[in-house]
Amino acid sequence: MHGPQRSWRLTAVAGIAGLLLVACAADGTNPSPSDVDPSTEPTGSDAVVASGAPSASAAPLAFTEGRTTELLGATLIDVTYPSAGGGAVSAWLVVPDGEGPFAGLLYLHGSETDRNDLVDEAAAMAAGGAVSLVIDAPFAREAPNRTGFIPNWFEPEAEAALTQQTLDDLRRGIDLLVARGDVDAERIGFVGHSWGASLGAHLATADERVTASVLVTGRPSWTGFLRQDEAHWTGIIESLGEDGWETYLTTMAAWDAVEAIGDVDPATVYLQFGTEDDVVGAGHVEEWVEAAPANVRLDRYEAGHALDAAATADRVAWLSERLGLDAVPAEIVAEVGLPDATTLIP
């Protein structure tokens, strides 16, 4: 979902941690070793939107570890790493016990949530043998690492740069996962919800290392949505002026998911939608159908924007097959919360 932000929430309810959580270690900051050359440009340096794209950060490219939480069969680590647009990416790193090699997974939330939204699903995937990195988008980070906000009607170039920064940060995340030494570079997956799903279409085409992408209820075209209902945005249009409105739409059009989804390898992408979704309606799903390769898997559920337990189970099973994971026990999958719902944060 691409729209005004709700207040960020830090929630604590039962859910999956009733199965997984064992103990919590003391806070600390210990830079973890990395084989990444800090002088190397990030893999995600190719800008989809050339104007306003941030330059690479000069900071060393490595995880810095904070609080560590021991799970049953995995470890949850509060990490940061240098962001492509300056400052640091805040993220959860979920690492299974053992030596691997493990698959690697990245998770990206929607426009109104943060990394806390999908961490329980990442924890479930650890039971199948996946190391997961669950990042905060730049607009969801705490100061001083927060970069702008969306939508940024009056500075579309800044919003485009923020979006490019997120894509770069995801690709840097892949670099760091692979550099750990226990992650198989041939088995990298991605899960995005809403705004994160729309950007995931660009990640799927920008980085060939991603061999499994689940895009959950993403808008096919943010700018198309705006154009379809301009009467709803009369106040914004009057504030911007017609030229400013058109500048915003033209600038952000390159980030519409339909601009990228046609170039994906259909075997590597799985689309999920809800028939009762009040954000992404049936007409929007048809836009995906028309833009995507004909044999991309697409499932619809009798559910809203966060979908339901059946959708969660289906994407866990699909990712497990695509990435060569062990089957995640059904009792663990059943405890995964839905996107946009409360999640335990130790």
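For clarity, every value in this text was computed on a predicted model and none was experimentally measured.

(A) Structural context of the pairing of strand 3 (residues 64–71). Pairing analysis gives 6 bridges linking strand 3 to strand 4 (residues 74–82), with the strands arranged antiparallel. Bridge pairing in strand 4 places T69 opposite L76. Linking two consecutive strands that pair antiparallel, namely strand 3 and strand 4, is a turn of 2 residues; a positive phi of about 90° is found at G73 within it.

(B) Spotlight on helix 4 (residues 195–206). Taking 1.5 Å of rise per residue, 12 residues should cover 16 Å, and helix 4 covers 17 Å from first to last C-alpha, within 8% of that figure. Considered for burial, the residues of helix 4 that qualify are W195, G196, A197, S198, L199, G200, A201, H202, L203 and A204.

(C) The arrangement of the pattern of salt bridges in detail. The final tally for this structure, using the stated rule, is 12 salt bridges. Taking the shortest distance from any N to any O, the salt bridge between R115 and D136 comes out at 3.5 Å. Here R115 is found in the loop between strand 6 (102–108) and helix 2 (119–126), whereas its partner D136 is found in the loop between strand 7 (130–135) and helix 3 (156–179), with 21 residues between them in sequence. Overall, the relative accessible area of 13% leaves R115 in the buried class. Of the charged contacts, one joins R209 and D207 as a salt bridge, the two residues approaching to 2.8 Å between their closest N and O atoms. Via salt bridges that share partners, R171, D175, D207 and R209 belong to a single interconnected network.

(D) Structural context of the packing of helix 3 against helix 4. Relative orientation of the contacting elements helix 3 and helix 4 amounts to 60°, with a least axis distance of 10 Å. With respect to each other, helix 3 and helix 4 are oriented oblique. Our pair here, helix 3 against helix 4, has a crossing hand that is right-handed. Facing helix 3, whose interface residues are T163, T166, L167, L170 and R171, helix 4 presents W195, L199, H202, L203 and A206. Residues of the contact of helix 3 with helix 4, tallied by class, amount to 6 nonpolar, 3 polar and 1 charged.

About the thresholds
Residues numbered from 1 in each chain as written. Predicted model: local features only at pLDDT ≥ 70, side-chain atom pairs only at ≥ 80, totals over all residues. Heavy atoms only, no water. Pairing = 2+ DSSP bridges. Helix = DSSP H or I, 4+ residues; strand = E, 2+ residues; numbered from the N terminus. Expected span 1.5 Å × (residues − 1). Buried < 20%, exposed > 50% of the residue type's maximum accessible area, 1.4 Å probe, protein only. Salt bridge = Lys/Arg side-chain N within 4 Å of Asp/Glu carboxyl O. Axes fitted to C-alpha atoms, helices over the stretch in contact; angles between N-to-C directions. Parallel < 35°, antiparallel > 145°, perpendicular 65-115°, else oblique. Left-handed = near helix turned anticlockwise from the far one by under 90°. Contact = heavy atoms within 4.5 Å. Nonpolar A, V, L, I, M, F, W, Y, C, P; charged D, E, K, R; others polar.

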